[in-house]
Protein chains: 2
Amino acid sequence: MPREGQAVISILRDKIVSGVFPAGERLAEIPTAELLGVSRTPVRIAFRALAQEGLLIKLPRRGYQVRKVTNDEILGAVEVRGVLEGLAARQAAEKGLTEDTRVQLAECLKNADAIFEKGYLTEEDIEQYNVINKQFHDLIINASGNPAIQSAMQLNEHLPFASVNALVFNPKQLDREFRRFNFANMQHHVVFDALLKQQGARAEAVMKEHAHATLSQVDLCESPDSRTCNPSK
Amino acid sequence: MPREGQAVISILRDKIVSGVFPAGERLAEIPTAELLGVSRTPVRIAFRALAQEGLLIKLPRRGYQVRKVTNDEILGAVEVRGVLEGLAARQAAEKGLTEDTRVQLAECLKNADAIFEKGYLTEEDIEQYNVINKQFHDLIINASGNPAIQSAMQLNEHLPFASVNALVFNPKQLDREFRRFNFANMQHHVVFDALLKQQGARAEAVMKEHAHATLSQVDLCESPDSRTCNPSK
DNA sequence: ACCCCATTTTTTGGATCCAATAATTAATTA
DNA sequence: TAATTAATTATTGGATCCAAAAAATGGGGT
């Protein structure tokens, strides 16, 4: 049965990103292995990999700890995402889109527009939009033809949004979410337009600004110190 | 004796970066373990880590392979380095330097200047300059106060320069190397000036351009296809 | 002679075992 | 009673073992 391997990493990553293992939580190999019903070996490998991704911090002889992400770190990661995806958009524009990529991007935009047409959002809509959103961004990164961008984004992928995912999906703020997501979607259209017209600088600028849209209306925790958005315990 | 662990990763990384394991070389666990005189376990861990870093490619049931880096990938990685270090410089300028950082940066520049004063370069000079150069760049990344930049740079750190290191240290071109390194050093002075004056946009622009200085005068392999600079076999 | 199936071999990944080290606790002494 | 030292415990990391899966090779059949 336990013919898995890579699965342990995904399971643990999910538990960290989703907050089941809150920030600051200490993780030891043996309890985690027992929890998952596997031996220590795959857990050891997973801990190392997640530490390399930046989700876990290694404590000398005290196991691992779920990394606390401060608001400043989230804002910093958003800046990094901005310059990297901005670069991707510029290079994609300069290279010019392939017919295939153009069609797929247009498809993404059409599907996203359909979500916003009815004028309000449900939780399922947001989940659906997030899938389309990721597709759109991945397509542009691929269209840049620069694999180093993908590598650099990898670490950024899960890290900063672990703590804000809960806020993004806050069902109490669905009306505010609508305006924010709709704005982000319109920025997608502008980026697409710049890509079609091969306007590299414009594509870069809009994409860079777009990175901030993910968070602009989200209430981060108020305190400016190192409190986390995922308060442990 | 084998109380090492992390060492195996470093040893293998060195062998890959320095070209002892040339690009395209296939690596299996058992021969590598025997070569290093350790068991398979640390080699397995090292292979996984190096694959995560992007130095190795995992082949389904055929072991690992040293990643081939094409010229286009190197140029792409230089672009990524440019936007990331450009961001670091901008944020460092906007925040303003601490007294401590200012002193350390000035020290770096003074030491670097001393190398170029005699008007020519030896191989030892280049090695020494590379150490100072790394210090300078690391100081600015730290001064940005944005840990996400460091994370994103990590993958970029070894990957693209594995194949060009041999060219950079080519002792036959020491006269050309002098002009190139001296130019890079002067760009450092401009970046430092921008940081002192808290000119974020200027610091970003110069640093972004500076990333290209690493390669601008280096002869990359001529062919535009997927030949590597580190031809295997 | 060629193709397909079976067997063997190679390789990977998980489980368990063992050694070493650091931390914590208890005991003894001042 | 407090501090220091020793002992025990907990935890990590390497080595070895085992099982599963895929690839390669060999044999048999058409």
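If you're wondering where the values come from, they're calculated on a predicted model, not measured in any experiment. (Residues numbered from 1 in each chain as written. Chains lettered and ligands numbered in written order. Predicted model: local features only at pLDDT ≥ 70, side-chain atom pairs only at ≥ 80, totals over all residues. Heavy atoms only, no water.)

### Overview of the overall build of chain A
Helix and strand content of chain A: 10 helices and 3 strands. Ordered by position from the N terminus, the helices and strands of chain A form the series α-β-α-α-β-β-α-α-α-α-α-α-α. Burial status across chain A gives 50% buried among its 233 residues. Considering only contacts within chain A whose residues lie at least 6 apart along the sequence, 75% involve residues at least 24 apart. (Helix = DSSP H or I, 4+ residues; strand = E, 2+ residues; numbered from the N terminus. Buried < 20%, exposed > 50% of the residue type's maximum accessible area, 1.4 Å probe, protein only. Contact = heavy atoms within 4.5 Å.)

### What about unusual backbone geometry?
Unusually for a residue other than glycine, A:Q198 sits at a positive phi of about 55°. For A:Q198, a relative accessible area of 47% corresponds to the partly exposed category.

### Let's talk about the pairing of strand β3 (residues 63-66) of chain B
All names here are of chain B. Relative to β3, strand β1 (residues 26-27) is paired through 2 bridges, and the arrangement is antiparallel. By the bridge assignment for β3, R26 is matched with Q65. Between strand β2 (residues 56-59) and β3, which pair antiparallel one after the other, the connecting turn spans 3 residues. (Pairing = 2+ DSSP bridges.)

### Some points on the nonpolar core
The tendency in soluble globular proteins is for nonpolar side chains to be buried as a group. Membership of the largest hydrophobic core comes to 80 residues, with the highest contact counts inside it found for A:L84, A:I140, B:L84 and B:I140. Apart from residues no more than four positions distant in its own chain, A:I140 is found in contact with A:A88, A:A89, A:A92, A:L105, A:V191, A:L195 and A:M207. (Core = buried A, V, L, I, M, F, W, Y, C linked by side-chain atoms within 4.5 Å.)

### Quick notes on the packing of aromatic side chains
Counted under the stated rule, the structure contains 8 aromatic pairs over all chains. Centroid distance A:Y129 to A:F181: 5.4 Å. Interplanar angle 75°. Geometry classified as edge-to-face. Of the two residues, A:Y129 is situated in helix α6 (residues 123-143) and A:F181 in helix α9 (residues 174-196); the sequence distance between them amounts to 52 residues. Overall, A:Y129 belongs to the buried group, its relative accessible area being 4%. Relative accessible area serves as the criterion here: at 6%, A:F181 is assigned to the buried category. Ring plane angle 50° and centroid distance 5.0 Å describe the contact between B:F47 and B:Y64, whose orientation is recorded as tilted. Of the two residues, B:F47 is situated in helix α3 (residues 40-53) and B:Y64 in strand β3; the sequence distance between them amounts to 17 residues. Across the pair, B:Y64 and B:F47 agree in class, each one buried. In textbook terms, an aromatic cluster arises when at least three aromatic residues are bridged by ring pairs, as seen for A:F116, A:Y129, A:F178 and A:F181. Directly above the ring of A:Y120 sits A:K118, whose terminal nitrogen or CZ lies 5.1 Å from the centroid. (Phe/Tyr/Trp six-rings, centres within 6.5 Å; stacked < 30°, edge-to-face > 60°. Lys NZ or Arg CZ within 6 Å of the ring centre and 35° of its normal.)

### Structural notes on the relation of the copies chain A and chain B
After a rotation of 180° and a shift along the axis of 0.0 Å, chain A superposes on chain B with an RMSD of 0.1 Å. Taken together, the rotation and translation relating the two chain copies correspond to the operation of a two-fold axis. Scanning chain A for the C-alpha nearest the rotation axis identifies A:A152, at a separation of 2.3 Å. The fraction of interface residues of chain A whose copies in chain B are also interface residues reaches 100%, indicating that both copies meet through the same surface. (Least-squares fit on C-alpha atoms with pLDDT ≥ 70 in both.)

### A few points about the interface of chain A and chain B
Opposite the 31 residues of chain A that make contact, chain B presents 31 residues. At the boundary of chain A and chain B, one finds 6 residue pairs in polar contact (both at pLDDT 80 or more). Counting residues per element, the ones that place at least two in the side of chain A that touches chain B are α1 (6-17), α3 (40-53), α4 (71-95), α7 (147-158) and α10 (200-213) of chain A. No other element matches α4(A), which puts 10 residues into the side of chain A that touches chain B. Of the residues in the side of chain A that touches chain B, the class split is 13 nonpolar, 9 polar and 9 charged. (Polar contact = N/O pair within 3.5 Å; in protein donor to acceptor, adjacent residues only side chain to side chain. Nonpolar A, V, L, I, M, F, W, Y, C, P; charged D, E, K, R; others polar.)

### Re helix α5 (residues 99-116) of chain A
Residues and elements named next belong to chain A. The end-to-end C-alpha distance of α5 is 26 Å, a good match for the 26 Å that 18 residues give at a rise of 1.5 Å each. Within the span of α5, buried status applies to T101, L105, C108, L109, A112, I115 and F116. Buried positions in α5, seen along its axis, are confined to an arc of 115° and lie on one side of it. With respect to the buried face of α5, the exposed residues turned more than 90 degrees away are E99, D100 and K110. Those residues of α5 that are buried lie in contact with α6 and α9. (Expected span 1.5 Å × (residues − 1). Arc of directions from axis to C-beta.)

### A look at the sheet that holds strand β2 (residues 56-59) of chain A
Read across the open sheet, the 3 strands follow the order β1-β3-β2 (chain A); overall the sheet is antiparallel. The sheet terminates laterally at β1 (26-27) and β2 of chain A, the two strands that pair on one side only.

### Section: the sheet that holds β3(B)
As a general point, the strands of a sheet are linked pairwise by backbone hydrogen bonds and lie either parallel or antiparallel. If you trace the 3 strands from one edge of the open sheet to the other, you get β1-β3-β2 (chain B), paired in antiparallel fashion. Among the strands making up the open sheet, the edge pair consists of β1 and β2 of chain B.

### With respect to the packing of α4(A) against helix α4 (residues 71-95) of chain B
Contact geometry of α4(A) with α4(B) gives a least axis separation of 10 Å together with a crossing angle of 140°. Taken as axis vectors, α4(A) and α4(B) run oblique relative to one another. When you trace α4(A) past α4(B), the crossing you get is right-handed. Along its contact with α4(A), which presents A:E79, A:V80, A:V83, A:L84, A:L87, A:R90 and A:Q91, the element α4(B) presents B:E79, B:V80, B:V83, B:L84, B:L87, B:R90 and B:Q91. Each residue belonging to the contact of α4(A) with α4(B) can be placed in one class, and the counts come to 8 nonpolar, 2 polar and 4 charged. (Axes fitted to C-alpha atoms, helices over the stretch in contact; angles between N-to-C directions. Parallel < 35°, antiparallel > 145°, perpendicular 65-115°, else oblique. Left-handed = near helix turned anticlockwise from the far one by under 90°.)

### Focus on α4(A)
Each α-helix turn comprises 3.6 residues. Residues three or four places apart therefore point the same way. Here α4(A) is 25 residues long and its end C-alpha atoms lie 36 Å apart, about the 36 Å a rise of 1.5 Å per residue gives. A positive backbone phi angle near 90° is found at A:G96, which sits one or two residues after α4(A).

### Topic: the pattern of salt bridges
Residue and element names in this part refer to chain A. What the rule picks out here adds up to 24 salt bridges over all chains. In this structure, R40 and E29 form a salt bridge, with 2.9 Å as the shortest nitrogen-oxygen distance. Taken together, the positions of R40 in helix α3 and E29 in helix α2 (residues 29-36) put the pair 11 residues apart, joining distant regions of the chain. R40 sits in the partly exposed class, given a relative accessible area of 41%. (Salt bridge = Lys/Arg side-chain N within 4 Å of Asp/Glu carboxyl O.)

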